[in-house]
Amino acid sequence: MIPTSIVVCGGGNGSHATVASAGRFENIQVNVFTRKPQDWKQEIVGLTKGRKINKVSNNPQDFPGAKLWIIGGPAHVHHEILQKIAPFVTKDSFVGTLFAQGGFEWMCRSVFGDRIKTDNITYFGLYNIPWLCKIFKYGESVRIIGPKTKLQCAISNLNRKEELFLLLENMFQIPVLQAPNFLTLTLTPSNQIIHPARVYAVFRNWDGKQVYQPNEVPTFYEDFDDFSAYMLQILDDEIQAIKREILKRYPHFNLDLIIPIKERIIQQYGDQVKDKSNLKTVFRTNAGYATIQIPTKPVQGGVQLNTEARIFWEDIPYGLCILKDLSEMLGLQTPGTDKMIEWHQKFMNKEYIQKNSKLNRTLLKETGAPSKYGLDTLEKVLGLQEVTQQFSKL
């Protein structure tokens, strides 16, 4: 039997874990597309022992005949990766991501255009990354903890659902269920509100210059305080307001998976959360969040908040800006989202949101906002109205 060839794109935690998981099986041939192929070994240690990698390369043409391409990097690099691999994605292939926030569906439609139909290219995205995982040594080993009991997956072509889900179940050894739509994955409360709320709560008085000692910077979650929970609740309420307004207009559109953040964390992590009494304790006592640090960078005399980290460049343009764009379409006020974008953009030398609290339309191209793709009404976002702008031209 000829093994199914898959390409894992990116070198993050999830990519390492995917290689370790899928590499267990003789019927799956695992390849890695990465900017740093020289840093990868031919085996990666994951669950219990080394897992073989067929090929590691920074050139996507080195993976002829790949059946599935799966991206493990943050949302703000998805579009760039898709553009790089697109010429080498062959007919009848699957293209997906481990975590489909940031408008992955819109990116795929913009990159592949008419080829989605003519070449039968099917795109997909997972609701949650399959496990908790952390790179132990880049390109060599990864720690994998607590696989999910089930995976939910959105898919563009339901006629190929059985074929894709069987392949994903073989790769991850976790049952795969169908998620109702891609918008559910984009709107699910997750990093795009957790990170900004927490970073703002800790550094809200920071002038961009102050230097801290490493032990002065609290952990991301174990030191989660009341103000962090307060800010997070505001952002979560604004997501739920988007959901309510969509359902008010289109009651049959399925957004059931978009549940409040506290419920979602408890549902996702279960018994790993020791104290479920309130939002603060859910974060402080979640074993899955233990020891995670706020990204900092070393400077003379100590450390500073790392404003080049994904907590800025993923969560603002490919997180909160999407929520803001949808809110503007729906006529909703979003003071919490506005405040978070305004504060973070100061350190990014950007103006995603203007002084009038409206999105800066000239910067849409640098975000994941649906209007960037010509989806400038709710009906277009929901697929109920034709899009006149051609996705393939972006």
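Since the model is a prediction, treat every value here as computed from it, not as a measurement. Throughout this document, residue positions are counted from 1 along each chain, in the order its sequence is written. Restriction of local features to residues with pLDDT of at least 70 applies here, the model being predicted, together with a cutoff of 80 or more for giving and counting side-chain atom pairs; totals for whole chains, interfaces and linings are based on all residues. Side-chain numbers come from the whole structure's heavy atoms, not from hydrogens or water.

UniProt positions are given in the numbering used here, feature names are shortened, and annotations may be inferred rather than shown by experiment. As recorded in UniProt, the sites labelled "domain: Opine dehydrogenase" (unreviewed entry) are residues 179-348. A run of H or I in DSSP counts as a helix once it spans at least four residues, and a run of E counts as a strand once it spans at least two, with each numbered from the N terminus. For the annotated span residues 179-348, helix accounts for 52% and strand for 5% of the residues, and the straight-line distance between the end C-alpha atoms is 34 Å.

Attention now goes to the nonpolar core. We define the nonpolar core as a collection of buried residues of types Ala, Val, Leu, Ile, Met, Phe, Trp, Tyr and Cys that are connected through side-chain atoms lying within 4.5 Å of one another. Remark: exposure states derive from per-residue accessible area (1.4 Å probe, protein chains only) relative to the maximum for the residue type, with buried under 20%, exposed over 50%, and partly exposed in between. Counting residues in each nonpolar core, the largest one holds 94 residues, and the members touching the most others are L82, L183 and F283. Among the elements that line this core, the one with the most residues is helix α12 (residues 316-330), at 9 residues. Setting aside residues up to four positions removed in sequence, F283 forms contacts with I194, Y221, F224, L232, I261, I265 and Y289. Counting residues in each nonpolar core, the second largest holds 34 residues, with V19, W40, W131 and I144 among its members. When checking whether two residues touch, look at their non-hydrogen atoms; a contact exists if any pair is within 4.5 Å.

A word on the pattern of salt bridges. Salt bridge, as used here: a side-chain nitrogen of Lys or Arg that lies within 4 Å of a carboxyl oxygen of Asp or Glu. The tally for this structure, following the rule as stated, stands at 18 salt bridges. Across the pair K350 and E366 runs a salt bridge whose closest N-O atoms are separated by 2.7 Å. Note that K350 is positioned in the loop between α13 (335-345) and α14 (378-381) and E366 in the loop between α13 and α14, a separation of 16 residues in sequence. Of the charged contacts in the structure, one is a salt bridge between D376 and K380, with a shortest N-O distance of 2.9 Å. Here D376 falls in the partly exposed class, since its relative accessible area comes to 43%. In this structure K380 comes out as buried when scored by relative accessible area, which is 10%. The network of salt bridges with common partners includes K324, D325, E328, D338 and R361.

As a further point, take empty space enclosed by the protein. Only protein atoms enter the calculation, which uses a 1 Å grid: trapped sets of points that fit a 1.4 Å probe without letting it out are cavities, open sets showing protein on both sides within 12 Å along at least five of seven lines are pockets, and any residue with an atom within 4 Å of a point is a lining residue. Grid points are joined across faces, edges and corners, and a volume is the space filled by probe spheres set on the points. Taken as a whole, this structure holds 1 cavity of 30 Å³ or more when the rule is applied. The computed volume of the largest cavity comes to approximately 70 Å³. If you go around the largest cavity, the residues you meet are A75, F99, Q101, G102, N191, Q192, R310, E314, D315, Y318 and G319. Counting residues per element, the ones that place at least two in the lining of the largest cavity are α7 (191-203) and α12. For this scheme, ten residues count as nonpolar: Ala, Val, Leu, Ile, Met, Phe, Trp, Tyr, Cys and Pro. Four count as charged, namely Asp, Glu, Lys and Arg, and the remainder, Gly too, count as polar. Of the residues that constitute the lining of the largest cavity, the class distribution is 3 nonpolar, 5 polar and 3 charged.

With glycine set apart, most residues show a phi of negative sign, and most peptide bonds adopt trans. The phi angle at Q173 is positive, at roughly 55 degrees, despite the residue not being glycine. Along the polypeptide, Q173 turns up in the loop between α5 (161-172) and β12 (176-178). Using a relative accessible area of 48% as the deciding quantity, one classes Q173 as partly exposed. Residue N349 is not a glycine yet carries a positive backbone phi of 55 degrees.

Another point: the packing of aromatic side chains. Centre distance within 6.5 Å is the pairing criterion for rings of Phe, Tyr and Trp, where only the six-membered ring of Trp is used; planes under 30 degrees apart are then read as stacked, over 60 as edge-to-face, and the remainder as tilted. If you walk through the whole model with that rule in mind, you get 18 aromatic pairs. An angle of 40 degrees between the planes, with centres 6.2 Å apart, marks the rings of Y200 and F227 as tilted. Placement of Y200 in helix α7 and of F227 in helix α8 (residues 226-249) is noted, with a sequence separation of 27 residues between them. A relative accessible area of 26% places F227 in the partly exposed class. Ring pairing ties together the aromatic residues Y200, F203, W206, Y212, F227, Y230, W343 and F347, which thus form one cluster.

Residue placement: H16 occurs in helix α1 (residues 13-22). Note on H16: relative accessible area 0%, which makes it buried. Apart from the residues lying within four places of it in its own chain, the contact partners of H16 are G11, W40, I44, I135, K137, Y138, G139, E140, S141 and V142.

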